[in-house]
Amino acid sequence: MYARAASKIAARGYASVSSPVVSTANGIKVAALGNDSGLASLSLVVNAGSRFETAETAGAAHFLKAFGFRNTQGRTSFRTIREAELNGAMLSAEATRENIVYRVECFKEAVPYFVEVLAELATATKYAEHEFNEVARVVAFEALSARTDAATRALDGVHQAAFRSGLGNSLYAPAAAPVATGGAVAEYARRALTAGRVAVVGSGVDAQELAQLVGASKLAELPSENALASAPTAFAGGVQQLYETAAPVAHYALAFSCAPEAASTLAALLGTQRRVKWGHGGSELAQAAAQGGFAADAFSFAYSDAGLVGVLVSAPTAQLRSAVETVAATVQKHIARPSANAVQRAVAAAKVDVAEQLSSQTGAVRALGQIALGQNAATLESVEKAAGSLSKTAESVFASKPVAVSIGLSQSTPYVDTLGF
């Protein structure tokens, strides 16, 4: 059933994400997907996410994201937003651990104009001090909101425990960020916005035509040298305890190191996602959570040189220890040694998830940006490749020692070395 659903979704979307990657004269990567609608999208993808921050630049990627579509040498932010509204366009920005992405969704005829907008954003943003104060308030609110969400804190902590620096850097600026001026953001932008770290990807536009527009824009002025660096990622392992004595619900995340290409398929093998409205999921782990009265949500992350897969357990504080012990035992007994039926179910579910993501314009362009920059992106082809050795991979990954992050009372939290891994 899942396989048939995946093929139907793939047929109406971008599931293959196949597009030639073109390089401009100064080295910017350009790729695009066609579509039959009157809409297009453009993304300026900058390989300068939080993994490239140092102790002196902690939070810089968050600030650089927030400076998107602000005042430039040629346009005020008011003009940019006003003209976007008149064109029916939507502007947005996001930051991940690897990339900062500035996105425009517009009508196809407006593509040349918004290529110029993105070019000015990359080459002529002012980073004025008075504007920094406004951006800092936005950044502080986003960081505060993230710190009040238990799941976000747990997953941020998992990265810090697993990788320490680099991919272990938080997505959010710290409360006392060393980046305290517009000049500091401008310096990070100067080092980040180099041609070799930038891709322009889109949908609803021809790749060659987009490459010509990019080559004729101010993006052609970006220097070619690479001024940012991140050490190769190593899985360090560790434990983080975040104390919350008054919280009625406690949380515990277990995460395992894996190959990035296998991360999404391994998460599907954990099988906690509900496929039926009133169901609990088909895996042994989902059934154990339903019977135990707690929540267990699988997660996965795939980066250019590392992957994580794991489970976030949420339960009433008094029940957290037994819930985590149940999850650990189930992973070791059933997930690390999956049956043929479990493998088939996981592969089919992973295909559906990936096909559904890539059927949307946003999902397809996000994956295309990762591919253009040589990063890992989940596609049907990558799921097929991981499926061939899923049983062997699961045995290796889920038998290894995980990292753990807990939020709640320490007295209710089991130590990871007592869980049998």
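Residues numbered from 1 in each chain as written. Predicted model: local features only at pLDDT ≥ 70, side-chain atom pairs only at ≥ 80, totals over all residues. Heavy atoms only, no water.

A look at the overall build of the protein chain
Looking only at helices and strands, the protein chain has 15 helices and 11 strands in total. Relative to a compact globule of 421 residues, whose C-alpha radius of gyration would be 22 Å, the protein chain shows 22 Å and is just as compact. Principal-axis analysis of the C-alpha atoms places the extent of the protein chain at approximately 60 × 50 × 35 Å. Scored against the burial criterion, the 421 residues of the protein chain give a buried share of 52%. (Helix = DSSP H or I, 4+ residues; strand = E, 2+ residues; numbered from the N terminus. Rg over C-alpha atoms; globule rule 2.2 N^0.38 Å. Buried < 20%, exposed > 50% of the residue type's maximum accessible area, 1.4 Å probe, protein only.)

A word on the sheet that holds strand 3 (residues 39–46)
Taken in spatial order, the six strands line up as 1-2-6-3-5-4 in an open sheet, and their pairing is mixed. The two strands at the open ends of the sheet, each matched to only one other strand, are strand 1 (22–23) and strand 4 (90–95). Both strand 1 and strand 2 (residues 29–33) contribute to a ladder of two bridges, which runs antiparallel. In the sheet register, Val22 faces strand 2, and the bridge partner there is Val30. Strands in contact with helix 8 (residues 207–215) are strand 1, strand 2, strand 3 and strand 6 (198–203); relative to strand 2, the strand with the most contacts, it is inclined by about 140 degrees. (Pairing = 2+ DSSP bridges. Contact = heavy atoms within 4.5 Å. Axes fitted to C-alpha atoms, helices over the stretch in contact; angles between N-to-C directions.)

Focus: empty space enclosed by the protein
If you roll a probe as big as a water molecule over the atoms, it shows you where there is empty space left. Enumeration according to the criterion identifies two cavities of 30 Å³ or more in this entry. Approximately 60 Å³ is the volume attributed to the largest cavity. In terms of lining, the largest cavity is formed by Val46, Leu64, Phe67, Gly68, Tyr102, Leu121, Thr125, Tyr127 and Leu193. Broken down by class, the residue content of the lining of the largest cavity amounts to seven nonpolar, two polar and no charged. Size it by volume and the second largest cavity reaches roughly 40 Å³. Phe69, Arg70, Thr72, Arg75, Thr80, Val117, Glu120 and Leu121 together form the lining of the second largest cavity. (1 Å grid on protein atoms, 1.4 Å probe; cavity = no way out; pocket = protein on both sides within 12 Å on 5 of 7 lines; lining within 4 Å. Points joined across faces, edges and corners; volume = space filled by probe spheres on them. Nonpolar A, V, L, I, M, F, W, Y, C, P; charged D, E, K, R; others polar.)

Structural notes on the pattern of salt bridges
Per the counting criterion, the structure on display carries 13 salt bridges. As a salt-bridge pair, Arg75 and Glu120 come within 3.1 Å of each other at their nearest N and O atoms. One end of the pair, Arg75, is in the loop between helix 2 (60–66) and helix 3 (77–86); the other, Glu120, is in helix 4 (residues 111–124), with 45 residues separating them in the sequence. Across the pair, Glu120 and Arg75 agree in class, each one buried. (Salt bridge = Lys/Arg side-chain N within 4 Å of Asp/Glu carboxyl O.)

A short note on unusual backbone geometry
The residue Tyr127 is not glycine, and still its phi comes out positive at about 55 degrees. Mapped onto the fold, Tyr127 is located in the loop between helix 4 and helix 5 (129–147). We classify Tyr127 as buried; its relative accessible area is 10%. Positive phi outside glycine occurs at Arg164, with the angle close to 65 degrees. Positionally, Arg164 belongs in the loop between helix 6 (150–163) and helix 7 (182–192).

Section: helix 11 (residues 320–335)
Structural remark: α-helix, 3.6 residues per turn; residues separated by three or four positions point the same way. Here helix 11 has its buried residues at Leu320, Ala323, Val324, Val327, Ala328, Thr330, Val331 and Ile335. Buried residues along helix 11 cover an arc of 165 degrees about the axis, so they all sit on one side. (Arc of directions from axis to C-beta.)

Description of helix 3
Residues of helix 3 that are buried: Ser77, Thr80 and Ala84. Angularly, the buried residues of helix 3 cover 65 degrees about the axis, an arc narrow enough to put them on a single face. Facing away from the buried surface of helix 3 by more than 90 degrees, the exposed residues are Phe78, Glu85 and Leu86. Note on helix 3: the residue one or two positions beyond its end, Gly88, has a positive phi of about 70 degrees.

Focus on the confidence of the model for the protein chain
Averaged over all residues, the pLDDT of the protein chain is 90; the fraction at 70 or higher stands at 94%. Across the protein chain, helix 2 holds the top mean pLDDT of 98, while helix 1 (residues 2–12) sits lowest at 43. Per-residue pLDDT stays below 50 along residues 1–15; that stretch engages in 32 contacts with residues further than four places along the chain or on separate chains. (pLDDT = per-residue confidence, 0-100.)

A few points about the pairing of strand 2
If a strand is regular, its side chains alternate between the two faces of the sheet. Most of strand 2 is tucked away, with four of its five residues classed as buried. Joining the antiparallel neighbours strand 1 and strand 2 is a turn of five residues, in which Gly27 adopts a positive phi near 105 degrees. Of the strand pairs in this sheet, strand 2 and strand 6 are connected by five bridges, and their pairing is parallel. When the bridges of strand 6 are listed, Val30 appears paired with Val200.

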